[in-house]
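Here is how the chains run, residue by residue.
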Amino acid sequence: MLSITQPGAARRAFYRAILMTSACGGLFVSPAVAQEAPAVPGEEEAGEQIVVNGSRPIVESEEAALQVQKMSDSLVAVAASDSVGRLPDQNIAQAASRLPGIAVERDQGQARYISLRGAPKNWTTLSFDGINVVSPEGRNARFDSIPSAIAGKIIVSKAVTPDMPGETVAGNVNIITRSAFDYSGFHIAGKAGAGVAEYGSRPQYEGSLVLSDRFNVGGGEIGVLVSGSYYERRMITDNFEHDWEQVSQDVRPGYETRFWTHETENKLYRLTRKNWSVSGRLDWKPDDNNTISLRSIYTIFTDDEARDNYRFDMDDRQGDLVANSAACNATVNTAPTTSGYADVCIGNTPLKGTIYGIDIRQRSTLRAFKQSIFTNTLQGTHKFGEGWTLDWLGNYTESKDDRSVVGEASWNSPNTRNLRPTVAYDFTDPNLSPLTLYTTTQLSGPTRYTAGAQVTAIDTFTKPLATFTVLDAVDTTKAYTGRLVLSRETRFLGADATFKAGFQFDQRTKVVDENLLTLDTAAQFSAAGIPTDYNQFSLDTAFMGKIQPGYTFRYFDTAKMRAASAAARKVGTFVPQIANIYNVREQVFAGYLMGTLRYDWGSIVGGARVEHVKNRGIATGITAEAEQTLVFPSLHVNYNLDDTKKVRLSLNTGAARADYDLLRPNVVINDTNETISGGNPAVKPERAWGLDGYFEWYVKPQGYLMVGVFYKHVTDVLYTQRRTFGSNALNTAAFDRSGYIFSGITNGGSGRIYGMEAAAQFQLEPWAEELGIPSWMGGFGISANVTVNNSKVSKPAVYDTAGALLVASRKVRLPNTSDLVYNIGGYYEKYGFSLRLQYQRRSKWLDGIADTLTDAGDAYWAADDEMDFSARYAVNKHVEIYFDAQNLLNQPGRRFVDPSGILNAKGTKTNGAIENYTIEWERFGRRYSGGIRVTF
């Protein structure tokens, strides 16, 4: 339905053109969208309403999105709801990923983070109705925790304007929530569906409901809308991971480019993920000049994860290898005195070999993670005098990241070497990691071992219980926003002008509380009634994945884990993790001036924003404070070549501040992942300025073409240094943390990113007669977009503690940037059917920059390919059935290390096989679902 209230003559003419398009297949534009069209000063408003019924959801949503985009005074991309008021995907990240210039980073196969035009994901900010929202994780906005059911449309701003926060560098994803005034009267829409995941035949369920109505009261009109949604999916994951290193004892010829797996592991996941959302909106329009809106949104994302983790400590006896720079003898040594680790003289290579009598470090982990956002906004808009408008707003948002672990049991091999397994490994295929297990047989002499009989079931090896831990950890971020904007519409320099002056105050405080309970003695295990034999703690259940790790295993029993956790809480004591607890507060005082000049030929938007930022971090008795004032000018020119073609030019600036946990004055320890991260309160924000040039063609009678170029220069690039911690300072009786990976944020040099993007959307229906094709073929349509970019930043040189150069400065790409991103979608929509096939590819991207070869170099994610299919059939104008198939290609997510950047900086030649060093590989299976939607 198209509902346009009180259009003036100029706007009526504009929407008559839209209605001509609707005759070619249908169009939905809500009143909220319609009202974004600029008014023509001095026109008399008529109280009429135009209503058009639409029945083609893909065409409707694309047309509605293009109209918002066309009328915008800055560079945006829009995903709009269709006539039933829905977006096509379950979460915001997936829905936005169909837009030009947008790439996503996935977790467990689901879109999570958004990258705009290939830029780093932390350059993308998240807003609800124009208010920036802090994600539960911090500045890296997570979009998978936000269901698309709450959105009427998504507006992605790629060029920053002065009324947007300065922390927006690549752009902003603004989720426009629905209002009762989007509909002419009473409205109800519901959805119910179910499905199955391929791996393990795990079920999934989804449902949503929207209710709204408008009421005439003595003091104007009130609109009320409430909505709720639920989405549950259960998953199984195939996984293996490797940690690579150079070995100091391996100095045989060729060692410079040789990297060994010091640990290999399988993380065998059983997941249940759920999304809930509840939202409400109350809009009061006492008259044409005043509007007051109260909005509340509460979203919850839960991730219940049962993880069976088998870690093989390949470098368990690294010290057995004696450094020797001579070439190996021609005859392979078949009775080594080493474990075989990093020993090329027994025929082992980094990718294939055998290691004798190594430790299995097994972890059975049950997590109950929960992330929530509770945001509340009270906003008023008041028109008065000659063209004056006052807009005020207050917002309170609370985000929580509950990282609690219900229980984790650690099972370790005994010290007796012949009770440990001998492992034959084969990593020659980067997409496989088969391990063959044998018993370990001692030969003559105390240090000589060989492989005995093959063992299939890994849990036949002795692995006594070493520790049992329970973690209570919650990160809470409370944010307050107050905004006041005064604007004036007038004539200026021959243009219809709007001038704005605004002030905004933001305060965000992140508090981390973490407490750990540890049992590590036989007496404590007995008191808690925890079995010390793993076979008594596990299930005899068949493997639910698709790629066997080379051995069979037993899943741990989640019911027994919960019982053990409850018992442990009664006999143990929680200890505050002082090193992980901190309080960080950020205050931003911002003011801006902005002017918009609208001419017959287009518009000019310009101005500047000034922000004064004050940071304070408190941890372990240390208080660190810093403050800075930043200025962000911007200018946007939009020129209409004719009524269908636009040229957009912009100059914009922004800054990306380090995340809150990176500003803390202490370290955070994660014993499960064996990592230590340190804060840096003095780190500076990344500063960026950019140029954009775009051409848009809104083709008549239907279609869209766009091509654009962009350039962004950045200084003080933020990157994470990574190295082995190498100190016993944080060791405890339960944990040796000297080998953990330490990471900390710091500033690098300057750099740039530039590229181009193009997009096209066409549907055959309006062209069918001209092309002479049958009517049924008019239902075909296509949407496609591509982004190509190139990025380079300077990585500073690395020196040792004595000041000696370890690695020279070098050029690297910006983290999280892909050189190529493209989407291709084909659809057919006619006779009540709506079918769509969507494909996206994202080329490899840098995940982490290494300082040295401690972890074998820079980490990358390999290229990602995704394909989804959706089908809908409208039984009538009120009822629709649907079917969705996701992750059809079932491509793995693969991370690898590439040491070539560091080796080349050290003057060492590299070979083409470097990318074989896989560090993480996961595959998740296809998912299928179907159900029914109703709307009245």
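Residues numbered from 1 in each chain as written. Predicted model: local features only at pLDDT ≥ 70, side-chain atom pairs only at ≥ 80, totals over all residues. Heavy atoms only, no water.

**Student:** Would you explain helix α3 (residues 57–71) in this entry?
**Tutor:** Residues that lie three or four places apart on an α-helix share one face, since the helix turns once every 3.6 residues. Compared with an ideal rise of 1.5 Å per residue, which puts 15 residues at 21 Å, α3 spans 22 Å between its outermost C-alpha atoms and is within 8% of the ideal. Most of α3 sits out of view: 14 of its 15 residues are buried. (Helix = DSSP H or I, 4+ residues; strand = E, 2+ residues; numbered from the N terminus. Expected span 1.5 Å × (residues − 1). Buried < 20%, exposed > 50% of the residue type's maximum accessible area, 1.4 Å probe, protein only.)

**Student:** I tried to follow the sheet that holds strand β8 (residues 151–157) on my own but got confused; where do I start?
**Tutor:** Through backbone hydrogen bonds, the strands of a sheet pair up, either in parallel or in antiparallel fashion. Read from one edge to the other, the open sheet built from five strands follows the order β3-β8-β9-β6-β7, with strand pairing classed as mixed. Both edges of this open sheet fall to β3 (76–80) and β7 (131–132), since each of them pairs with a single strand only. Inspection of the sheet shows strand β6 (residues 124–128) paired to β7 by two bridges, in the antiparallel sense. Paired with Ser127 across the bridge in β7 is Asn132. Across the sheet, α3 touches β3 and β8, and the angle it forms with β3 is around 150°. (Pairing = 2+ DSSP bridges. Contact = heavy atoms within 4.5 Å. Axes fitted to C-alpha atoms, helices over the stretch in contact; angles between N-to-C directions.)

**Student:** Teacher, can you tell me more about the sheet that holds strand β21 (residues 449–455) here?
**Tutor:** If you trace the four strands from one edge of the open sheet to the other, you get β15-β19-β20-β21, paired in antiparallel fashion. Where the open sheet ends on each side, the last strands, each with one partner, are β15 (352–355) and β21. The sheet shows a mean angle of 30° between the axes of neighbouring strands, taken without regard to direction. Two elements, strand β20 (residues 435–442) and β21, share five bridges in a ladder whose sense is antiparallel. Paired with Thr441 across the two strands is Thr450, which belongs to β21.

**Student:** I keep staring at the environment of Trp697 and nothing clicks. Help me out?
**Tutor:** The residue Trp697 is located in strand β31 (residues 686–698) in this model. Take Trp697: its relative accessible area is 31%, and that puts it in the partly exposed class. Taking the C-alpha atoms as reference points, Trp697 and Ser834, 137 residues apart in sequence, are found 26 Å from one another.

**Student:** For this particular structure, what's the right way to read a nonpolar patch on the surface?
**Tutor:** Together, Phe186, Leu209, Leu211, Phe215, Val217, Val224, Val226, Leu282, Trp284, Leu294 and Leu378 line one region of the surface with nonpolar side chains, adding up to about 900 Å² of accessible area. Looking at the nonpolar patch, the elements that each hand over two or more residues are β11 (202–217), β12 (220–245) and β13 (260–287). The element best represented in the nonpolar patch is β11, accounting for four residues. Tracing the backbone shows Leu378 in strand β16 (residues 359–384). Take Leu378: its relative accessible area is 39%, and that puts it in the partly exposed class. (Patch = residues over 30% accessible without salt bridge, like charges linked within 9 Å, V, L, I, M, F, W, Y side chains within 5 Å. Areas by Shrake-Rupley, 256 points an atom, 1.4 Å probe, with all protein chains shown as cover. Salt bridge = Lys/Arg side-chain N within 4 Å of Asp/Glu carboxyl O.)

**Student:** So what exactly am I meant to see when it comes to the packing of aromatic side chains here?
**Tutor:** Aromatic rings considered in pairs are described by the distance between their centres and by the relative angle of their planes. Under the defined criterion, the tally for this structure stands at 29 aromatic pairs. Aromatic pair Phe240 and Trp921: ring centres 5.4 Å apart, planes at 10°, arrangement stacked. In this pair, Phe240 sits in strand β12 while Trp921 sits in strand β47 (residues 918–923), placing the two residues 681 residues apart along the sequence. Note on Trp921: relative accessible area 2%, which makes it buried. Seen from their ring centres, Phe505 and Phe589 are 5.1 Å apart, and the 50° between their planes marks the pair as tilted. (Phe/Tyr/Trp six-rings, centres within 6.5 Å; stacked < 30°, edge-to-face > 60°.)

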